[in-house]
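Observations on the model geometry
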Amino acid sequence: MSDWNDGIITEFRENDGHAGGWFEGKPLLLLHHTGAKSGTERVAPLMYHEEDGDIFIFASKAGSPTNPDWYHNLKAHPQVAVEIGTETRPVTAREVVGAERDAIYARHAARFSNFAEYQEKTDRIIPVFRLAG
(Lines give C-alpha, C1' and ligand atoms only; values in the text may rest on other atoms or scores of the structure.)
Protein backbone atom coordinates (compact mmCIF):
# COMPACT_ATOMS: atom_id res chain seq x y z
CA MET A 1 0.00 0.00 0.00
CA SER A 2 2.86 2.38 0.75
CA ASP A 3 4.17 2.33 -2.85
CA TRP A 4 0.64 2.96 -4.14
CA ASN A 5 0.17 5.85 -1.69
CA ASP A 6 3.60 7.26 -2.53
CA GLY A 7 2.67 7.35 -6.22
CA ILE A 8 -0.60 9.17 -5.51
CA ILE A 9 1.14 11.65 -3.20
CA THR A 10 3.75 12.40 -5.86
CA GLU A 11 1.11 12.81 -8.57
CA PHE A 12 -1.00 15.02 -6.28
CA ARG A 13 1.93 17.35 -5.60
CA GLU A 14 3.10 17.47 -9.22
CA ASN A 15 -0.41 18.37 -10.44
CA ASP A 16 -1.50 21.09 -7.98
CA GLY A 17 -3.61 18.76 -5.85
CA HIS A 18 -5.05 16.50 -8.55
CA ALA A 19 -4.51 12.86 -9.37
CA GLY A 20 -5.67 10.69 -12.22
CA GLY A 21 -6.75 7.09 -12.45
CA TRP A 22 -9.25 6.09 -9.80
CA PHE A 23 -9.03 9.59 -8.24
CA GLU A 24 -9.69 11.49 -11.47
CA GLY A 25 -12.23 14.23 -10.78
CA LYS A 26 -12.69 13.24 -7.13
CA PRO A 27 -11.97 15.43 -4.10
CA LEU A 28 -8.57 14.35 -2.79
CA LEU A 29 -6.48 15.61 0.12
CA LEU A 30 -3.27 14.57 1.79
CA LEU A 31 -3.65 13.98 5.52
CA HIS A 32 -0.50 14.64 7.56
CA HIS A 33 -0.73 12.72 10.83
CA THR A 34 1.47 11.32 13.60
CA GLY A 35 1.78 7.62 14.39
CA ALA A 36 -0.07 6.73 17.60
CA LYS A 37 2.72 4.45 18.83
CA SER A 38 5.74 5.41 16.74
CA GLY A 39 5.37 9.19 16.73
CA THR A 40 6.43 9.04 13.06
CA GLU A 41 5.02 11.64 10.68
CA ARG A 42 2.84 10.03 8.00
CA VAL A 43 0.89 11.17 4.94
CA ALA A 44 -2.23 9.48 3.59
CA PRO A 45 -4.12 10.38 0.41
CA LEU A 46 -7.86 10.38 1.11
CA MET A 47 -11.07 11.37 -0.58
CA TYR A 48 -12.98 13.98 1.36
CA HIS A 49 -16.39 15.59 1.56
CA GLU A 50 -16.74 19.34 1.93
CA GLU A 51 -19.95 20.79 3.28
CA ASP A 52 -20.69 24.30 4.55
CA GLY A 53 -16.95 24.97 4.87
CA ASP A 54 -16.30 21.80 6.87
CA ILE A 55 -14.06 18.97 5.66
CA PHE A 56 -14.96 15.36 6.42
CA ILE A 57 -12.89 12.21 5.92
CA PHE A 58 -13.97 8.58 6.13
CA ALA A 59 -12.06 5.67 7.71
CA SER A 60 -13.45 3.21 5.15
CA LYS A 61 -10.36 1.15 4.34
CA ALA A 62 -12.43 0.00 1.34
CA GLY A 63 -14.84 -1.87 3.62
CA SER A 64 -12.19 -3.81 5.51
CA PRO A 65 -13.24 -5.27 8.89
CA THR A 66 -10.68 -3.04 10.64
CA ASN A 67 -10.10 0.69 10.71
CA PRO A 68 -7.13 2.13 8.80
CA ASP A 69 -4.02 2.94 10.83
CA TRP A 70 -4.60 6.66 10.41
CA TYR A 71 -7.86 6.30 12.39
CA HIS A 72 -5.90 5.31 15.51
CA ASN A 73 -3.36 8.04 14.83
CA LEU A 74 -6.06 10.73 14.74
CA LYS A 75 -7.61 9.43 17.94
CA ALA A 76 -4.19 9.65 19.66
CA HIS A 77 -3.00 12.87 17.96
CA PRO A 78 -5.93 14.94 16.64
CA GLN A 79 -3.73 17.91 15.68
CA VAL A 80 -3.02 17.21 12.00
CA ALA A 81 -2.56 19.07 8.72
CA VAL A 82 -4.20 18.72 5.34
CA GLU A 83 -2.98 19.50 1.85
CA ILE A 84 -5.80 20.51 -0.45
CA GLY A 85 -4.72 21.74 -3.84
CA THR A 86 -1.46 23.61 -3.24
CA GLU A 87 -2.34 24.75 0.28
CA THR A 88 -1.36 23.02 3.53
CA ARG A 89 -3.08 24.03 6.74
CA PRO A 90 -3.32 22.80 10.32
CA VAL A 91 -6.62 21.32 11.48
CA THR A 92 -8.01 19.41 14.42
CA ALA A 93 -9.69 16.06 13.78
CA ARG A 94 -12.83 15.21 15.70
CA GLU A 95 -14.81 12.02 15.19
CA VAL A 96 -18.44 12.61 14.24
CA VAL A 97 -20.91 10.08 15.68
CA GLY A 98 -24.58 9.20 15.75
CA ALA A 99 -27.16 10.85 13.52
CA GLU A 100 -24.72 13.53 12.39
CA ARG A 101 -22.24 10.88 11.23
CA ASP A 102 -24.98 8.91 9.49
CA ALA A 103 -26.23 11.96 7.57
CA ILE A 104 -22.76 13.03 6.44
CA TYR A 105 -21.82 9.51 5.40
CA ALA A 106 -25.09 9.09 3.48
CA ARG A 107 -24.54 12.32 1.54
CA HIS A 108 -20.98 11.31 0.64
CA ALA A 109 -22.07 7.78 -0.36
CA ALA A 110 -24.80 9.28 -2.56
CA ARG A 111 -22.08 11.13 -4.52
CA PHE A 112 -19.57 8.27 -4.51
CA SER A 113 -21.32 4.90 -4.56
CA ASN A 114 -18.18 2.97 -3.66
CA PHE A 115 -18.56 4.36 -0.11
CA ALA A 116 -22.03 2.81 0.12
CA GLU A 117 -20.46 -0.47 -1.01
CA TYR A 118 -17.71 -0.15 1.61
CA GLN A 119 -20.29 0.17 4.40
CA GLU A 120 -22.19 -2.85 3.07
CA LYS A 121 -18.98 -4.95 3.07
CA THR A 122 -18.21 -4.50 6.76
CA ASP A 123 -19.93 -5.02 10.10
CA ARG A 124 -18.26 -1.98 11.63
CA ILE A 125 -19.67 1.52 11.34
CA ILE A 126 -17.18 3.41 9.19
CA PRO A 127 -15.88 6.35 11.25
CA VAL A 128 -16.19 9.91 10.02
CA PHE A 129 -13.95 12.78 11.10
CA ARG A 130 -14.52 16.53 10.84
CA LEU A 131 -11.32 18.47 10.15
CA ALA A 132 -11.61 22.02 11.46
CA GLY A 133 -9.03 24.81 11.48
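Here's what I pulled together on the structure shown here.

Conventions and cut-offs
- Residues numbered from 1 in each chain as written.
- Predicted model: local features only at pLDDT ≥ 70, side-chain atom pairs only at ≥ 80, totals over all residues.
- Heavy atoms only, no water.
- Salt bridge = Lys/Arg side-chain N within 4 Å of Asp/Glu carboxyl O.
- Buried < 20%, exposed > 50% of the residue type's maximum accessible area, 1.4 Å probe, protein only.
- Pairing = 2+ DSSP bridges.
- Helix = DSSP H or I, 4+ residues; strand = E, 2+ residues; numbered from the N terminus.

With respect to the pattern of salt bridges
- Considering all chains together, one arrives at seven salt bridges under this definition.
- Linking Glu87 and Arg89 is a salt bridge whose minimum nitrogen-to-oxygen distance equals 3.6 Å.
- Its relative accessible area of 43% is what places Glu87 among the partly exposed residues.
- Take Arg89: its relative accessible area is 30%, and that puts it in the partly exposed class.

Concerning the pairing of strand S4 (residues 79–84)
- Bridging between strand S1 (residues 28–34) and S4 involves three bridges; their strand directions are antiparallel. What sits directly across from Leu31, in S4, is Val82.
- Where S4 and strand S5 (residues 87–96) come together, six bridges link them in antiparallel fashion. Across the sheet, Glu83 pairs through a bridge with Thr88, a residue of S5.
- Here S4 folds back onto S5, and the loop between the two strands holds two residues, one of which, Gly85, carries a positive phi near 65°.

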